[in-house]
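Below are the chains, spelled out letter by letter.
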Amino acid sequence: MADPAPDAPVLVDQRGDATWITLNRPDRRNAYDPEMAEAIVEALDGSTRSRAVVVTGVPGSFCAGGALTNLSAPDVTNMRGLYRASLRLFDAVRNHPRPVIAAVNGPAAGGGNELVVACDLAIAGESATFGQTGPRVGSAPVTGATNVLGVQIGEKRAKEMAFLCRRYTAAQALELGLVNAVVPDDELVGAVDALVEELAVLSPRYLEIAKVSSNVWWNAARDSFTNGLGMLVQAIGSPDMAEGATAFLEKRRPRFPAPDA
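Residues numbered from 1 in each chain as written. Predicted model: local features only at pLDDT ≥ 70, side-chain atom pairs only at ≥ 80, totals over all residues. Heavy atoms only, no water.

## A short note on the overall build of the protein chain
No. 1: Counting its regular elements, the protein chain contains twelve helices and nine strands.
No. 2: In terms of C-alpha radius of gyration, the protein chain reaches 18 Å, essentially the compact-globule figure of 18 Å for 261 residues.
No. 3: Overall, the protein chain is about 60 × 40 × 35 Å in size when its C-alpha atoms are taken along their principal axes.
No. 4: Within the protein chain, the fraction of its 261 residues that count as buried is 48%.
No. 5: The long-range fraction of contacts in the protein chain, counting pairs at least 24 apart against all pairs at least 6 apart in sequence, stands at 71%.
No. 6: Accessible surface, the protein chain as shown: approximately 12,600 Å² in total, 53% of it carbon and sulfur.
No. 7: Measuring between centres, the 24 positive side-chain charges of the protein chain sit 5 Å from its 30 negative side-chain charges. (Helix = DSSP H or I, 4+ residues; strand = E, 2+ residues; numbered from the N terminus. Rg over C-alpha atoms; globule rule 2.2 N^0.38 Å. Buried < 20%, exposed > 50% of the residue type's maximum accessible area, 1.4 Å probe, protein only. Contact = heavy atoms within 4.5 Å. Areas by Shrake-Rupley, 256 points an atom, 1.4 Å probe, with all protein chains shown as cover. Lys, Arg positive; Asp, Glu negative; His and termini not counted. Charge placed at Lys NZ, Arg CZ, Asp CG, Glu CD.)

## Describing the environment of Asn-95
No. 1: Along the chain, the position of Asn-95 falls in helix α2 (residues 76-95).
No. 2: With relative accessibility at 54%, the residue Asn-95 sits in the exposed group.
No. 3: Remark: the alpha-carbon pair of Asn-95 and Asp-45, spanning 50 residues in sequence, is separated by 9.9 Å.

## Structural notes on the environment of Leu-176
No. 1: You can see Leu-176 is positioned in helix α7 (residues 170-176).
No. 2: Exposure remark for Leu-176: the relative accessible area of 16% places this residue in the buried category.
No. 3: Residues Leu-176 and Tyr-32, spaced 144 residues apart in sequence, show a C-alpha to C-alpha distance of 26 Å.
No. 4: In contact with Leu-176, other than residues within four places in its own chain, are Gln-152, Ile-153, Arg-157, Met-161 and Tyr-168.

## Examining the packing of aromatic side chains
No. 1: Taken as a whole, this structure holds one aromatic pair when the rule is applied.
No. 2: With a centroid separation of 4.8 Å and an interplanar angle of 65 degrees, the aromatic rings of Trp-218 and Phe-225 are classed as edge-to-face.
No. 3: Residue Phe-225 is classed as buried on the basis of its relative accessible area of 0%.
No. 4: Taking NZ or CZ as reference, Arg-15 lies 4.9 Å from the ring centre of Trp-20, over its face. (Phe/Tyr/Trp six-rings, centres within 6.5 Å; stacked < 30°, edge-to-face > 60°. Lys NZ or Arg CZ within 6 Å of the ring centre and 35° of its normal.)

## A closer look at the sheet that holds strand β7 (residues 129-131)
Strand pairing in a sheet takes place through backbone hydrogen bonds and is either antiparallel or parallel in direction.
No. 1: A sheet is described by the order of its strands in space; here three strands give the open sequence β5-β7-β8, paired in mixed fashion. Edge positions in the sheet fall to β5 (108-109) and β8 (168-169), since each of these pairs with one other strand and no more.
No. 2: In terms of strand pairing, β7 meets β8 through two bridges, oriented antiparallel. Each bridged residue has a counterpart across the sheet, and for Thr-129 the counterpart in β8 is Thr-169. (Pairing = 2+ DSSP bridges.)

## Side note on helix α1 (residues 34-45)
No. 1: With twelve residues, α1 extends 16 Å between its outermost C-alpha atoms, agreeing within 8% with the 16 Å of an ideal straight helix rising 1.5 Å per residue.
No. 2: If you check which residues of α1 are buried, you get Met-36, Ala-37, Ile-40, Val-41, Ala-43 and Leu-44. Buried positions in α1, seen along its axis, are confined to an arc of 160 degrees and lie on one side of it. Away from its buried face, by an angle of more than 90 degrees, α1 presents the exposed residues Glu-35 and Glu-42. (Expected span 1.5 Å × (residues − 1). Arc of directions from axis to C-beta.)

The following block contains the structure:
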């Protein structure tokens, strides 16, 4: 794995047959802003000659999702840009010609959990955790967790994850079907390397065909993503967003307005 570089939001390291893309913003638990998301997309675009791609985070967190700041008084342009960057990132994972593996080495929350949904395969360290945060903080997970995740773990379980914002252990994620395997934390890199070796002896041409074909559910949900993001844009600055953000920052239970009707 690449050594952390303080100024680089994304580290790219060639390890044998795989390109490792490491999210490198430990100060915000590897949450991505539009610029960081674009850097990940560029790293993906530059890794097509590898047999596989691995996405992970610097130690301490996998990815806390989008870097949402000042949600109590949000900037519509910046928020719109972040929403679009999230979809571009997840599409880049799904449309990459090689298998993309999530090496989940810490909390995967919000958009970070949806990044796991977008990846083709996922291996988690035993201390990793998973879950959505949307309705708790004044948002909703519309780019994977309210649609494609239902195909992966079942509709009722996906709604439980998206609605209730619970946290799930790596063992629970494995039982649900969100990840392929769970290993001790200090064996995660070795387990991912072994998976890459397994993929490396297979036909890249026919792996790509299998991946393109498997994207049928993602492609079918694509309109849902754009519709959902459009609704999120219209809700920017709403009382629910302001209260969710304020409660999160104050570390208290949110007091959302009652339903209008």
